[in-house]
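Working through the structure, step by step
Residue strings, one per chain:
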Amino acid sequence: MSGNQIIKSFHYLSIFIGGLVMLILSHTTWAIERSALAISPSTCIVKKLGDACHKQLTIKWKLPAKGNYCLYKKDKKIKCWTNQQNISEPLLVNIKKTTTFSIKNEKKHIVVSTKVIVNGATSPRLRRRLRADWSVFK
Amino acid sequence: MSFSAGSSEVSQVATLEASLDLSRDKVNFAEVGQWNFSIGIGLGNRSNPLIDGEDTPLYIIPSLSYYGEHVYYDDGVLGYSYEITPQLYVSAITQLNAHAGNFSQWHPTNFLVPTTSEPTNNSMLSNTYPLSPKEVADTPVSVALLSKRNWALDAGAQINYFTPQDIMLQFNLLTDVSGVYNGFNAQLKIEKTWGFSQIQPLSVKLSTSWDWYSEKLANYYYGISYLDNNEIASYYYPSSGRNITVGLTANYQFNSQWRAVLTYRRTTLGESIARSRMVRHSKSKTFFIGAMYNF
C-alpha cells in the first residue's frame, strides 16, 4: 500500500467516524429533546422560608407523541390536556416549599418531571446547640 | 426545544433541601438570633434517691433557648461560646448546680407540676432512745430532719466536640461562685445519635456521662454534720466521687412543630453519696414519654 493510499484510507475512515459521531449526537439530541418539561422561572424567592410562593409562571412541555396528559403537583392533579404534544401556557402556582411537578400519561405513569424551587431571601443561619437535648431532666 | 435545568439549580435544590432538614432539626441546631420556646406534654417521673425526698412527676415540661453569635442560653445554662473549628467549641458557662434539686420542695426546671413523695417507713426513723452510737450511725435520716441545702450557682469552662459520626463529646469543669458549697464538679459526656434512612423522621440518641464531684460538694449536700443532728455518732463526711449516667432518647419528628419523644436515663450515685444515711436508693431514674411542640 503506497503512502497516498494510506492517506486516502485515513481520509475515508475519518469521514466515516465523523459521520458516525454526528449521527450519534443528533440521535442523542433528538432523544433528549423529544421529552421535556420546564416551568419558568424555576426558582421562586420568598421573603423567608415557609412563606407561600403565589405566582404566575410559564409551563412548557413537549412529548414524542400526541396524547392525553395531566400535570401533577406531587400527587395532586392540577390540569389535563387532550390530544396535545406541545404546550406553552401560564401556570398559577401556590407552594410553600420546593415542589416536584410532573406530566403523567393516561396510565398515570410519569413521563417527565421538574422541580420549582422555593428559596428564602433571608434564609436562617443555624448553629449547633451546645447542650444535650432534654438535659432539663438533669 | 430543550428545557434542561442547569447544574446551579441542582445545587440550589441540594442546598435548600439540606437547610430545610437542618431547620427542622431543632434537637441539634438552633437558628441564630431567635428565641426558641417549646413545651413537652406527656407522662414521666424523675425519682428522688433521698429518704422522704420528693419525686418529680413530669407532665408539662417547658424548654427555652436562645443562640446568638456567641452568647447562648439553653434550659438553664448561660454561656459564651467561641467556635475554634466547626467541630470544636469552647464556652464559658454558668448554671445552677442540680444537686440541690433533690432537697427542694419544687424543682426549678419543672415548676409547673406538683411533687409527690414516697411514704416514709416510720419504723426506721422513729428513734427510741437511748440508742447506741452504732445504732445511731445506722439509722436512716429523712431529708425533713436535715438543715436546708441551698441552691448554688456554678461557673466554669466547657468544651464541645462533634465528630462526623454524629458523636458529641462534652467536657466541663465548674466551680461554685455563689459561696454555697465552695467546691468543684466536672462532667464528661459522650452522646451518639443514630438516624435511619428507612424511617427518616426518627432519631435515637444514646448517652453516657461521668459526673465528678469534689469533697466539699459531697459534704455540703450529702454530709451530715452538727448543723443537721446533735448525735455526734451520726455525722457523715463523704469524700469526692463520681456519678455515672446512661440515657436513651428517641425523637420522631412529625413536622417542624411537633415531635414525639421518649427518654429514659438512669444515674448511679457515687459510693460516697450512696453511703450517706439520707440516701434510700443508690440509683435515680428519669423517664418521659410524650409530645413536644415548638412555638
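The preceding data block contains the structure.
Now for a look at the structure at hand. Just so it is clear, the model here is predicted, and its values are computed rather than measured.

What follows concerns the pairing of strand 3 (residues 53-73) of chain A. Two faces belong to every sheet, and in a regular strand the side chains alternate between them. All names here are of chain A. Across five bridges, the pairing between strand 1 (residues 36-40) and strand 3 is antiparallel. If you follow A36 over to strand 3, its bridge partner there is K62. Bridge count between strand 3 and strand 4 (residues 76-95): 16 bridges; the pairing is antiparallel. When the sheet's bridge partners are listed, Y72 is paired in strand 4 with K77. Linking two consecutive strands that pair antiparallel, namely strand 3 and strand 4, is a turn of two residues; a positive phi of about 55° is found at K74 within it. The pairing of strand 3 with strand 5 (residues 99-104) spans four bridges and is antiparallel. Counterpart to Y72 in the pairing with strand 5 is S102.

Another point: the environment of B:T85. Residues and elements named next belong to chain B. Looking at where T85 falls in the secondary structure, it is placed in strand 5 (residues 77-85). Using a relative accessible area of 31% as the deciding quantity, one classes T85 as partly exposed. Linking T85 and Y161, residues 76 residues apart in sequence, is a C-alpha distance of 9.3 Å.

Glancing now at the pattern of salt bridges. Residues and elements named next belong to chain B. Scanning the model with the defined rule gives four salt bridges over all chains in all. A salt bridge links E191 to K205, with the shortest nitrogen-to-oxygen separation between them at 3.6 Å. Of this pair, E191 sits in strand 10 (residues 184-195) while K205 sits in strand 11 (residues 202-213); the two residues are 14 residues apart in sequence, bridging distant segments of the chain.

The next subject is a nonpolar patch on the surface. Residue and element names in this part refer to chain B. Together, Y82, I84, V90, I159, F171, L173, F184, L188 and W210 make up a nonpolar patch on the protein surface, roughly 810 Å² of accessible area in all. If you list the elements that add at least two residues to the nonpolar patch, you get strand 5, strand 9 (167-176) and strand 10. Note that I84 resides in strand 5.

Analysis parameters
- Residues numbered from 1 in each chain as written.
- Chains lettered and ligands numbered in written order.
- Predicted model: local features only at pLDDT ≥ 70, side-chain atom pairs only at ≥ 80, totals over all residues.
- Heavy atoms only, no water.
- Pairing = 2+ DSSP bridges.
- Helix = DSSP H or I, 4+ residues; strand = E, 2+ residues; numbered from the N terminus.
- Buried < 20%, exposed > 50% of the residue type's maximum accessible area, 1.4 Å probe, protein only.
- Salt bridge = Lys/Arg side-chain N within 4 Å of Asp/Glu carboxyl O.
- Patch = residues over 30% accessible without salt bridge, like charges linked within 9 Å, V, L, I, M, F, W, Y side chains within 5 Å.
- Areas by Shrake-Rupley, 256 points an atom, 1.4 Å probe, with all protein chains shown as cover.

So yeah, pure geometry; function would need other evidence.
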